[in-house]
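Single-letter residue listing:
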Amino acid sequence: MLILPAHFPATSILRSEGWQVLDGESPAGLRPLRILFLNLMPQKQVTELDIARALAFSEHCVRLYPMKISGQAYKTTPIEHMRTFYSDFEVFEPENFDGLIITGAPVEHLPFEEVRYWLQLCRIMDWARSHVRSTLYICWGAQAGLYHHYGIPKYALPEKCFGIFRQHVLYRGLSLFQGMEPEFLMPNSRHTEVRRQDFPTNGSLCIVAESEESGIGVAMSRDGREIFIVGHLEYEPQTLHNEYTRDLKKGLSILPPLHYYRKECPEQGVDFSWKKSARLFYSNWLDMLSGHQTV
């Protein structure tokens, strides 16, 4: 069961797919997992649906709280949408939450300190260490969290890391990867990377999944309080295709996403090969939050 804000656009779509979605209030006597959602992606409603659908696969009752950074302007999302469905961080600051999801953002080309909301994001990431049981950092969000908390830099890639890449689980028996060992598939779409050589050696942070092709896939703090996933398990089947055709229309030099189309041919359609991985990963994370599993 998923609880979304009243009249949230994703609700009708998820219901049409057969998911149980409630508007606004939690049922009496039921204590849902409380998940904050800091959506930094430009197409807000697309990411809302991706994340909501990923959480809906779980058997847990989950309530999603969309959160925004105060004072920001939005070029691709109507301001009324943000005002209606998102609340500023300061509204949630006095409370505690089970989980926080921080998405990627299209600012890879900028040094972290030049991102206009960097100081506010750092404040949120620091706050999460004492007010959230586990924070899931995604793509640029993962690189931002690794840099802020551990001083790990990002590096520009010679060409975009774009496609579906096989990730090898490096630590067997982690509840986060239950049902996903010894390897799983994950979409990537990024122009930068983090490197193993920059990770601390004191055990405070571990690389827990890695790819021979795409490099570091998932890292996790020792207690599971912070999980950094450089890819996009939440992506829907057509997301990479939409990115590819968008860039082609812009006249950008881009190759088709690797290991994504059937027979590596766009005309053959998409192979939704990471579907099982996505469902298991988010279900396992929610199990951790509920106390059904340990790290």
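If you're wondering where the values come from, they're calculated on a predicted model, not measured in any experiment.

Taken as a whole, the largest pocket encloses approximately 1300 Å³ of empty space. Considering the residues around the largest pocket, the lining is formed by 43 residues, among which Lys 160, Ser 189, His 191, Glu 243 and Arg 246 are closest to the centre. Elements with a contribution of two residues or more to the lining of the largest pocket: helix 2 (44-56), strand 8 (155-169), strand 9 (183-193) and helix 7 (239-249). The greatest single-element share of the lining of the largest pocket, amounting to seven residues, is contributed by strand 8. Residue composition of the lining of the largest pocket, by class: 19 nonpolar, twelve polar and twelve charged.

All right, on to empty space enclosed by the protein then. Scanning the model with the defined rule gives one cavity of 30 Å³ or more in all. Each pocket or cavity is described by its volume, and for the largest cavity that value is around 50 Å³. As for the largest cavity, its lining consists of Ile 69, Ser 70, Phe 89, Glu 90, Gln 120, Arg 123 and Ile 124. Secondary structure elements with two or more residues in the lining of the largest cavity: helix 4 (89-92) and helix 5 (118-131). Among the elements that make up the lining of the largest cavity, the one with the highest residue count is helix 5 (three residues).

So, about the packing of aromatic side chains. Applying the stated criterion across every chain yields a total of 21 aromatic pairs. The interplanar angle of 75° and the centroid separation of 5.6 Å between the aromatic rings of Tyr 65 and Phe 97 together place this pair among those described as edge-to-face. Taken together, the residues Tyr 65 in strand 4 (residues 62-68) and Phe 97 in strand 6 (residues 97-102) connect sequence positions 32 residues apart. The exposure class assigned to Tyr 65 is buried, which follows from its relative accessible area of 14%. By relative accessible area, which is 3% here, Phe 97 ends up buried. Put simply, the rings of Tyr 65, Phe 89, Phe 92, Phe 97 and Trp 127 touch in pairs and so form one group of aromatic residues. A cation sits over an aromatic face here: Arg 129 above Tyr 150, 5.8 Å from the ring centre. When the ring centre of Phe 162 is taken as reference, the NZ or CZ atom of Lys 160 above it lies at 4.3 Å.

Between its terminal C-alpha atoms helix 8 (residues 275-290) stretches 23 Å, which fits the 22 Å expected from 16 residues at 1.5 Å a residue. Within helix 8, the full set of buried residues consists of Ser 277, Ala 278, Phe 281, Tyr 282, Ser 283, Asn 284, Trp 285, Leu 286, Asp 287, Met 288 and Leu 289.

The next subject is helix 5. The first and last C-alpha atoms of helix 5 sit 20 Å apart over 14 residues, in line with the 20 Å expected at 1.5 Å per residue. In the core, the buried residues of helix 5 are packed alongside strand 3 (33-38), strand 4, helix 4, strand 6, strand 7 (132-138) and helix 6 (140-150).

Applying the stated criterion to the full structure yields 16 salt bridges. For Arg 123, the salt bridge goes to Glu 90, with nearest N and O atoms at 3.2 Å. Note that Arg 123 is positioned in helix 5 and Glu 90 in helix 4, a separation of 33 residues in sequence. Classification of Arg 123 by relative accessible area gives partly exposed; the value is 39%. The partly exposed category is assigned to Glu 90, whose relative accessible area is 33%.

Each value, and the rule that gives it
Every chain begins its residue count from 1, and numbering advances along the sequence as written. The predicted origin of the model limits local features to residues at a pLDDT of at least 70 and limits the giving and counting of side-chain atom pairs to 80 or more, whereas totals for whole chains, interfaces and linings rest on all residues. Note that the side-chain values use all heavy atoms of the structure and ignore hydrogens as well as water. Each cavity reported here is a set of points on a 1 Å grid over the protein atoms alone in which a 1.4 Å probe fits but cannot get out, each pocket an open set with protein on both sides within 12 Å along at least five of seven lines, and each lining residue one with an atom within 4 Å of a point. Grid points are joined across faces, edges and corners, and a volume is the space filled by probe spheres set on the points. Elements are defined by DSSP. Helices are runs of H or I of four residues or more, strands are runs of E of two residues or more, and each kind is numbered from the N terminus. Amino acid classes used here: Ala, Val, Leu, Ile, Met, Phe, Trp, Tyr, Cys and Pro are nonpolar; Asp, Glu, Lys and Arg are charged; the rest, including Gly, are polar. We call Phe, Tyr and Trp rings a pair once their centres come within 6.5 Å, taking the six-membered ring for Trp, and we label the pair stacked below 30 degrees between planes, edge-to-face above 60, and tilted otherwise. Note on classification: 1.4 Å probe, protein chains only; a residue is buried when its accessible area is under 20% of the maximum for its type, exposed when over 50%, partly exposed between these limits. Either the NZ atom of lysine or the CZ atom of arginine qualifies as a charge over a ring when it sits within 6 Å of the ring centre and within 35 degrees of the ring normal. To estimate the expected span of a helix, count its residues, drop one, and scale the result by 1.5 Å. Here, residues are in contact when the closest pair of their heavy atoms is within 4.5 Å. Each reported salt bridge corresponds to a side-chain nitrogen of Lys or Arg within 4 Å of a carboxyl oxygen of Asp or Glu.

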